[in-house]
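Report on the structure
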Amino acid sequence: MTKRSANGKRGNRLRRHQRVRARIAGTGDRPRLVVFRSHRHTHLQLIDDSTGTTLAAASTLETRKLKGQQARAAAVAKLLAQRAVKKGIKSVVFDRGGYQYHGRVKAVAEAAREAGLKF
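Now for a look at the structure at hand. (Residues numbered from 1 in each chain as written. Predicted model: local features only at pLDDT ≥ 70, side-chain atom pairs only at ≥ 80, totals over all residues. Heavy atoms only, no water.)

Observations regarding the packing of aromatic side chains
Within a pair of aromatic rings, the relevant descriptors are the distance that separates the centres and the angle that separates the planes. This is how it is decided: Between 30 and 60 degrees the pair is tilted, below 30 it is stacked and above 60 it is edge-to-face, where a pair is any two Phe, Tyr or Trp rings, Trp via its six-membered ring, whose centres lie within 6.5 Å. Secondary structure is summarised from DSSP: a helix means a run of H or I of at least four residues, a strand means a run of E of at least two, and numbering begins at the N terminus for each. Partly exposed describes any residue whose relative accessible area lies between the buried limit of under 20% and the exposed limit of over 50%, with all areas from a 1.4 Å probe on protein chains only and scaled to the type maximum.
Evaluation of the coordinates by the stated rule reveals two aromatic pairs. Aromatic side chains Phe94 and Tyr101 sit 6.3 Å apart centroid to centroid with 85° between the ring planes, which places their arrangement in the edge-to-face category. Judged by centre distance (5.1 Å) and plane angle (10°), the ring pair of Phe94 and Phe119 falls under stacked. Note that Phe94 is positioned in strand E4 (residues 93-95) and Phe119 in the segment after helix H3 (104-114), a separation of 25 residues in sequence. Among the residues examined, Phe119 registers a relative accessible area of 25% and is labelled partly exposed. Ring pairs connect the aromatic residues Phe94, Tyr101 and Phe119, which therefore count as one cluster.

Set out below in structure tokens:
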């Protein structure tokens, strides 16, 4: 963490994320579902931490038709879940990225569960 990012909201989120990451890790059988939330978009990735590779990814840049942040986040989660199931991934570890489990993050988790991912 750089000195610039150590202060303020972003620094607090990064510290929370490091605390969460100390406890969880993704494997090839059960990758880590990472949520990154920017002001406009939501990005999701399935990461295998043992090899350091991204197995699947999706973002709201792919689903601009829907109105509302939570609806777009849920649509992206369903898209990522479909891509994961296609690759044979059914179980994941949820990494909320230091964000509160509320709003878009909660919508992502619920939509991914509905689409077939288990966590």
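Moving on from the coordinates now.
Considering the environment of Val105
Under the convention used in this document: Any two residues having at least one pair of non-hydrogen atoms within 4.5 Å are treated as being in contact.
Secondary-structure assignment places Val105 in helix H3. Between the C-alpha atoms of Val105 and Ala74, which are 31 residues apart in sequence, the distance is 9.0 Å. Excluding residues that lie within four positions of it along the chain, Val105 makes contacts with Val35, Arg37, Phe94, Arg96, Tyr99 and Gln100.

Looking at the nonpolar core
Here is the rule: Among the buried residues, those of types Ala, Val, Leu, Ile, Met, Phe, Trp, Tyr and Cys that are joined through side-chain atoms within 4.5 Å form a nonpolar core.
Ranked by internal contacts, the top residues of the largest apolar core, which has 23 residues, are Leu33, Leu44, Leu46, Leu80, Phe94 and Val108. Residue assignment for this core shows that the elements contributing at least two residues are strand E1 (32-37), strand E2 (42-48), strand E3 (53-59), helix H2 (69-86) and H3. No other element matches the seven residues that H2 contributes to this core.

Some remarks on the pairing of E2
Let me state the cut-off plainly: Following DSSP output, two strands are said to pair if at least two bridges run between them.
Extensive coverage of E2 is indicated by the burial of five of its seven residues. With six bridges connecting them, E1 and E2 associate as antiparallel partners. Residue Leu33 lies in a different strand from E2, and its bridge partner there is Leu46. The antiparallel pairing of E1 with E2 creates a hairpin that spans four residues between the two strands. With six bridges connecting them, E2 and E3 associate as antiparallel partners. Paired with His43 across the bridge in E3 is Ser59. Linking E2 back to E3 in an antiparallel pair, the connection comprises four residues, with Gly52 at a positive phi of about 75°.

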